[in-house]
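Chain by chain, the residues run as shown.
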Amino acid sequence: MTMEVHQVVPPPHKSTLQKLKARLKETFFPDDPLRQFKGQPLKRKLILGAQYVFPILQWGPKYNLKLFKSDLVSGLTIASLAIPQGISYAKLASLPPIVGLYSSFVPPLVYAVLGSSKDLAVGPVSIASLVLGSMLRQEVSPTAEPVLFLQLAFTSTLFAGLFQASLGILRLGFIIDFLSKAILIGFMAGAAIIVSLQQLKSLLGITHFSNQMGLVPVMSSVFHNIHEWSWQTILMGICFLMLLLLARHVSIRKPKLFWVSAGAPLASVIISTLLVFAIKAQNHGISVIGKLQQGINPPSWNMLLLHGSHLGLVMKTGIITGILSLTEGIAVGRTFAALRNYKVDGNKEMMAIGFMNVVGSFTSCYVTTGAFSRSAVNNNAGAKTAVSNVVMSVTVMVTLLFLMPLFQYTPNVVLGAIIVTAVIGLIDVPAACNIWRIDKFDFLVMLVAFLGVLFISVQGGLALAVGLSTFKILLQITRPKTVMLGKIPGTDIYRNLHQYKEAVRIPGFLILSIEAPINFANITYLNERTLRWIEEEEDSIKEQPSLRFLILEMSAVSAIDTSGISLFKELKTTLENKGLVLVNPLSEVIEKLKKADEANDFIRVDNLFLTVGEAVASLSSAMKGQSSTITEGLHTIVSCN
């Protein structure tokens, strides 16, 4: 039975401008955000445009008392967590504790207007606080030059916000995709351990402690200052740490009791503050926060340093903390959006978080984003809209205006215990085991990020892991996979011989599948690997017919450049009397090959097929026809003689 052969046709003609427009659209607008404006009257377009920029205009008109009741409960709940965490994370960043509360007041208000997530609870986070503090401390001491350090923190926040907002406006969010899941799991686990070890200063009552973030200097500082250990501080630290961990365990085991872990930090602060005040514990070796400034955020635009010797430092710090906080915020937002079956626009979130940090840098705030712990509490508490952030912000404002004197006697050891309890959840052992089971190279990347953070530095570990991931991508580009195909008996299906053991080779044919785009970076490898396939095939042939055709299955070759075209010219020359056949070249590939092959050396009708089955059937039929013609010729010569 003769198989019908379908012709490979080039794509419809497009001008260079049309191609450029299509490519830019696919690169920067894969979600086609402008489609909602098509066919709409001008007034409707203006409304849709305003709703796109300010998502609050979408749900705001439908807001009602029932929704507010849910948001009020969730807002008060996350405020009870945000207040102690804000103070704690500011200390982690080597900033005055009051800055942590400032950062829990203004940014949530900005996000409520610009953000698209219903569950994201914004404020300071542990990782960004750690990185900001450690990078700035490399050049400026927060104790020797506190004002300069604060100026650098605000300026870094400005650059972080500008970088984040520009990624959203220019739709360059794919840049943060270089932080793969494996990198983030390893990085966060390492950072969580470093953050926890840093809290030994507060938990043990040590006065002189290392400013470095590596495991070795931190542990060295702990054991070289044993004489500074305070048993009173250690006792209080153990008690409150056990209380917080127990509350966390209860909420994990019974999610309906989420309020236990949410309220535990504030309860710990209140109880410890009352205890210290009652027994005058500050006179017995337990350090306290001290007097905090009362009032809402003072303006800080006059503190921004946009010139001078530290400009490079704040730009670098801003970009790194911006990427980390953006990655965490978007990941958290998408996680809860998937749970509640709604969509979060990544580019909108970048702009919202970016503008939130820009405004924050003008109002005495440092880098903020959506925190997983607060967002989880917000979700469990039943938040319906971003109004929960507004409620949290108002609660923090009331605290700043009227309740700051109450924190004067809050012990630092309790803040250390709160941080340890918060970051312990960043160590995801099951996810690490899952990565080991699925992809060993990803596990290596994760391990590099983890050990790099522990033994080198936070930014050093991150850079190493990103470098290793980039190397993996380059390796995949420069060493694309090629496999030999065989026929599944009884069908016209051709599959990988190594994967499908029942597949068989076709005598006289070498069928290879190239599974990557062909470009300047991999043509040398592809040429050498293909020639090796040919040599191995010819060496294995004994009594079978000699190799007649090389068939390249190109369904996975999505793109080709001018250097890649030279691969086919070189193969055609090398193959000599063997035929080169291309199967299912995609639109961009066939278009470029036809333009490059003006002499029709390898892009002819008899060299192009839609499927491997059609190619083998057609070429086998041609070979049989040639063979019968030769046989008839020989018979004629013999009979004449």
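Residues numbered from 1 in each chain as written. Predicted model: local features only at pLDDT ≥ 70, side-chain atom pairs only at ≥ 80, totals over all residues. Heavy atoms only, no water.

J.: Which parts of the structure should I look at to understand the pairing of strand β7 (residues 579–583)?
T.: Regular strands have side chains that alternate between both faces of the sheet. Burial runs high along β7: 5 of the 5 residues are buried. The two faces of β7 match: G579, V581 and V583 on one face and L580 and L582 on the other face are all buried. Pairing analysis gives 5 bridges linking strand β6 (residues 549–553) to β7, with the strands arranged parallel. Of the residues in β7, the one forming a bridge with I551 is V581. (Buried < 20%, exposed > 50% of the residue type's maximum accessible area, 1.4 Å probe, protein only. Helix = DSSP H or I, 4+ residues; strand = E, 2+ residues; numbered from the N terminus. Pairing = 2+ DSSP bridges.)

J.: Would you mind showing me how to read the domain arrangement of the chain here?
T.: Accessible area lost during the coming together of the parts is what is often quoted as the interface size. When its domains are assigned, the chain resolves into domain 1 (56–297 + 310–472) and domain 2 (479–627). Measuring from the centre of the C-alpha atoms in domain 1 to the corresponding centre in domain 2 gives 55 Å. (Domains from an automatic or database assignment.)

J.: Explain the UniProt feature "transmembrane region" (unreviewed entry) in the chain to me, please; I cannot follow it from the model alone.
T.: Sites flagged by UniProt as "transmembrane region" (unreviewed entry) map to residues 95–113, 148–170, 182–200, 229–246, 258–279, 385–407, 413–436 and 443–468. A helix fraction of 95% and a strand fraction of 0% characterise residues 182–200, whose end C-alpha atoms lie 28 Å from each other. Along residues 413–436, the helical share is 79% and the strand share 0%, with 37 Å between the first and last C-alpha atoms. (UniProt positions renumbered as here; feature names shortened; annotations may be inferred.)

J.: Just checking my understanding: could you explain the pattern of salt bridges for this structure?
T.: Pairing between side chains of opposite charge can happen when their charged atoms approach one another. Scanning all chains against the criterion turns up 10 salt bridges. Linking E591 and K19 is a salt bridge whose minimum nitrogen-to-oxygen distance equals 3.0 Å. Within this pair, whereas E591 is found in helix α24 (residues 587–596), its partner K19 is found in helix α1 (residues 16–28), the two being separated by 572 residues in sequence. Taking the relative accessible area as the measure of exposure, E591 reaches 19% and is therefore buried. Judged by relative accessible area, which is 32%, K19 ranks as partly exposed. Note that E536 is salt-bridged to R532, the shortest N-O span being 3.2 Å. Here the residue E536 and the residue R532 both occupy positions in helix α22 (residues 523–540), the gap between them amounting to 4 residues, near one helical turn. (Salt bridge = Lys/Arg side-chain N within 4 Å of Asp/Glu carboxyl O.)

J.: Would you explain the side chain of S325 in this entry?
T.: Looking at the secondary structure, you find S325 in helix α14 (residues 311–339). Within the structure, S325 has its side chain in polar contact with the backbone oxygen of G322 (distance 3.2 Å). Ignoring sequence-local partners within four residues, the contact set of S325 consists of A128, Q164, V367, T368 and T369. (Polar contact = N/O pair within 3.5 Å; in protein donor to acceptor, adjacent residues only side chain to side chain. Contact = heavy atoms within 4.5 Å.)

J.: Before we go on, may I ask you to explain the pairing of strand β5 (residues 509–514) in this structure?
T.: Of all 6 residues in β5, 6 are buried; the element is thus mostly enclosed. Here β5 shows no split at all, with F509, I511 and S513 on one side and L510, L512 and I514 on the other all buried. Where strand β3 (residues 482–487) lies against β5, 3 bridges are found, and the strand directions are antiparallel. Bridge pairing in β5 places M484 opposite L512. One ladder, built from 5 bridges, connects β5 with β6; its direction is parallel. By the bridge assignment, F509 is partnered in β6 with F549.

J.: Explain the sheet that holds β7 to me, please; I cannot follow it from the model alone.
T.: Hydrogen bonds along the backbone pair up the strands of a sheet, which may run parallel or antiparallel. Taken together, the 6 strands give an open sheet; going across it, the order is β4-β3-β5-β6-β7-β8, and neighbouring strands pair in mixed fashion. At either end of the open sheet lies a strand with only one pairing partner, and these are β4 (494–496) and β8 (608–609). Pairing geometry for β3 and β4, over 3 bridges, is antiparallel. Looking at the pairing, K487 lines up with Y494 of β4. Most of the contacts of α22 go to β5, to which it runs at about 150 degrees, and overall it touches β3, β5 and β6. (Axes fitted to C-alpha atoms, helices over the stretch in contact; angles between N-to-C directions.)

J.: Sorry, what's going on with the layout of surface pockets here?
T.: Over the atoms rolls a probe the size of a water molecule, and its path tells where empty space is left. The calculated volume of the largest pocket comes to roughly 1200 Å³. If you go around the largest pocket, you meet 39 residues; those closest to its centre are F372, S373, A376, G425 and L426. Residue assignment for the lining of the largest pocket shows that the elements contributing at least two residues are α4 (65–92), α7 (126–137), α9 (181–198), α12 (231–253), α13 (258–279), α14, α16 (372–380) and α18 (412–423). Per-class residue counts for the lining of the largest pocket are 25 nonpolar, 10 polar and 4 charged. By volume, the second largest pocket is sized at about 960 Å³. As for the second largest pocket, its lining consists of 34 residues, of which K91, S94, T143, K201 and S202 are closest to the centre. Among the secondary structure elements, those contributing two or more residues to the lining of the second largest pocket are α4, α7, α8 (146–169), α10 (200–204) and α18. Residue composition of the lining of the second largest pocket, by class: 16 nonpolar, 15 polar and 3 charged. (1 Å grid on protein atoms, 1.4 Å probe; cavity = no way out; pocket = protein on both sides within 12 Å on 5 of 7 lines; lining within 4 Å. Points joined across faces, edges and corners; volume = space filled by probe spheres on them. Nonpolar A, V, L, I, M, F, W, Y, C, P; charged D, E, K, R; others polar.)

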